[in-house]
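Examining the three-dimensional arrangement
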Amino acid sequence: MHWQILIALVLGIIFGVTFPDLIKYVEWMGTLFLRALRMIIVPLIFSSIVSGVTGLGSGENLGRMTMKTIGYYLTTSLFAIFTGLILVNLIKPGVGADLGLSAVVEGLDVSRDSFGQTLIKIIPTNIIESMAKGDLPAIIFFAIIFGFFATRVAPSYRDPIVNFFNAIFEIMMKITMFVIKFTPFGVFGIVAALISDHSDNLLVIFGRMGIYMLTVIGALAIHAFITLPLIVRILGKSNPVKHARGMSVPLLTAFSTSSSSATLPLTMEAVEFNSGVSNKTTSFVLPLGATINMDGTALYQCVAVLFIAQAYGVELTIIQQLVVILTALLASIGAAGIPMAGLVIITVILSAVGLPLEGVGLILAVDRILDMFRTAVNVWSDSCGAVVIAKSEGEILKV
Ligand code: ASP
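Described below are features of the structure shown in this document. (Residues numbered from 1 in each chain as written. Predicted model: local features only at pLDDT ≥ 70, side-chain atom pairs only at ≥ 80, totals over all residues. Heavy atoms only, no water.)

Right, let's get into the packing of aromatic side chains. Evaluation of the coordinates by the stated rule reveals 13 aromatic pairs. Aromatic pair phenylalanine 46 and phenylalanine 146: ring centres 6.0 Å apart, planes at 50°, arrangement tilted. One end of the pair, phenylalanine 46, is in helix 2 (residues 27-56); the other, phenylalanine 146, is in helix 7 (residues 136-150), and 100 residues separate them in sequence. Under the relative-accessibility criterion, phenylalanine 46 is labelled buried at 9%. For the pair phenylalanine 164 and phenylalanine 165, a centre-to-centre distance of 5.2 Å together with 85° between the ring planes defines the contact as edge-to-face. Between the NZ or CZ atom of arginine 374 and the centre of the ring of tyrosine 300, over which it lies, the distance is 4.0 Å. (Phe/Tyr/Trp six-rings, centres within 6.5 Å; stacked < 30°, edge-to-face > 60°. Helix = DSSP H or I, 4+ residues; strand = E, 2+ residues; numbered from the N terminus. Buried < 20%, exposed > 50% of the residue type's maximum accessible area, 1.4 Å probe, protein only. Lys NZ or Arg CZ within 6 Å of the ring centre and 35° of its normal.)

Moving on: the nonpolar core. By size, the foremost hydrophobic cluster in this structure holds 125 residues, and its most contacted members are Tyr212, Tyr300 and Ile363. Per-element tally for this core: the top contributor is helix 18 (residues 360-392), with 17 residues. Non-local contacts of isoleucine 363, meaning those with residues more than four positions away in its chain, are made with Met209, Tyr212, Tyr300, Ala304, Phe307, Ile308, Leu343 and Ile346. (Core = buried A, V, L, I, M, F, W, Y, C linked by side-chain atoms within 4.5 Å. Contact = heavy atoms within 4.5 Å.)

Relative to the elements of secondary structure, phenylalanine 79 occurs in helix 3 (residues 59-91). Residue classification places phenylalanine 79 among the partly exposed residues on the basis of a relative accessible area of 41%. Through-space distance from the C-alpha of phenylalanine 79 to that of threonine 227 is 7.8 Å; in sequence the pair is 148 residues apart. Excluding residues that lie within four positions of it along the chain, phenylalanine 79 makes contacts with His223, Thr227 and Ile231.

This part is about the layout of surface pockets. Considered as a void within the structure, the second largest pocket measures approximately 550 Å³ in volume. Contributing to the lining of the second largest pocket are 20 residues, with Ala224, Phe225, Leu251, Ala376 and Trp380 lying nearest its centre. Elements supplying a minimum of two residues to the lining of the second largest pocket: helix 1 (2-18), helix 10 (202-234), helix 11 (240-246), helix 12 (248-257) and helix 18. For the lining of the second largest pocket, the element with the highest residue contribution is helix 10, accounting for six residues. Looking at the lining of the second largest pocket residue by residue, the classes come out as 18 nonpolar, two polar and no charged. (1 Å grid on protein atoms, 1.4 Å probe; cavity = no way out; pocket = protein on both sides within 12 Å on 5 of 7 lines; lining within 4 Å. Points joined across faces, edges and corners; volume = space filled by probe spheres on them. Nonpolar A, V, L, I, M, F, W, Y, C, P; charged D, E, K, R; others polar.)

On to the side chain of asparagine 293, then. Looking at the element boundaries, asparagine 293 is found in the loop between helix 14 (279-292) and helix 15 (295-311). Note on asparagine 293: relative accessible area 0%, which makes it buried. A distance of 3.5 Å separates polar atoms of two side chains, one belonging to asparagine 293 and the other to serine 77. A distance of 2.8 Å separates the side chain of asparagine 293 from the side chain of aspartate 382, its partner in a polar contact. In contact with asparagine 293, other than residues within four places in its own chain, are Tyr72, Tyr73, Thr76, Ser77, Leu288, Asn378, Ser381 and Asp382. (Polar contact = N/O pair within 3.5 Å; in protein donor to acceptor, adjacent residues only side chain to side chain.)

Before going further, it helps to examine empty space enclosed by the protein. Applying the stated criterion to the full structure yields two cavities of 30 Å³ or more. In this structure, the largest cavity spans a volume of roughly 60 Å³. Put simply, the parts of the chain that give the lining of the largest cavity at least two residues each are helix 17 (341-352) and helix 18. Per element, the largest residue contribution to the lining of the largest cavity is four residues, and it comes from helix 18. Along the lines of polarity and charge, the residues of the lining of the largest cavity split into five nonpolar, eight polar and two charged.

Turning our attention to the packing of helix 15 against helix 16 (residues 318-334). Contact pair helix 15 / helix 16: the axes reach a minimum separation of 9 Å and the direction vectors enclose 140°. As for the relative orientation of helix 15 and helix 16, their crossing is right-handed in sense. In contact with Thr297, Ala298, Gln301, Cys302, Val305 and Leu306 of helix 15, helix 16 contributes Gln321, Val324, Ala328, Ala331 and Ser332. Here the contact of helix 15 with helix 16 is built from residues that sort into seven nonpolar, four polar and no charged. (Axes fitted to C-alpha atoms, helices over the stretch in contact; angles between N-to-C directions. Left-handed = near helix turned anticlockwise from the far one by under 90°.)

Structure below.
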């Protein structure tokens, strides 16, 4: 399957560059595919978390899993941020950057204070509304609470509810497997449309922003190919290469769609069936990861903010760099798993260290392309987390 997706990706690029006028004839494939993935997400996440949490049994187990999961996610995000910080300080891609390249970005003030709001909105006032809007943090919060208390009622109530959500979860996974069959077509449509959107200025952008892009991609590569595999090998006592092979379909999909949320159904399927992580672990760790664990985004935000500082000739002190690290970490937790979410949240970090918000305009042109790489790293880190946590729970894996 991953060869078909890879071929679809390459064909999409060729098609987008060669026939930008014919895009409307192929774009619908990507649209349909994304719609199908989004259709799955809310029932899948809700049923998977309820089934995962009820499967954990006691509150003690739930507490332990939550601590482990959050601990893993924070640690790897910090590793990612440091990798980005080191590279951007060594390469200094922003020094002498062309400030004339910047574009005007609208709606910056709207996003400035949205981070605190994001935290508050984890508790939904109306769960049906949150589900209708696809508001994942609120859905996850409610599902955990619901699953936890479902195990606290009399067996005559508990058993049918547990069976009901297990059944929904199984059905959603079957639908996922069906949708996966169309991934190559979806990827072709999405990539062709994306490339044709950018085709007229692609080379100019690469020329002017090349060093910045290489810094981001280089740091992401170090994190994805060295740091995370080492964690899988040492902490997870598993084979990272085998695990990566099993993850090829979700990783290529993450790359093409730039959305870790949309990719979540495929990630869950691959981690469970190819890497052998139990249903109990995947259904808790992965939905949580898709919303709060974004190593690629955290790294990217850190590099981007330092790039902007360098371009404006602002020397950030160690304290300011620490503020960048901390806010990048929090901002990556708050970012949604959708395309370009990381870009908007950069404004939070910029205002935290007193840099002009308009600096976002500098990196706008290449954000969508870098989004593909960072989203793949986000998904890869979630899946490595599932392996590490499963192993620490004594599971026997296939990798
Ligand atoms: N697109 C990323 C994701 O879905 C988030 C971001 O913009 O960095 O994981």
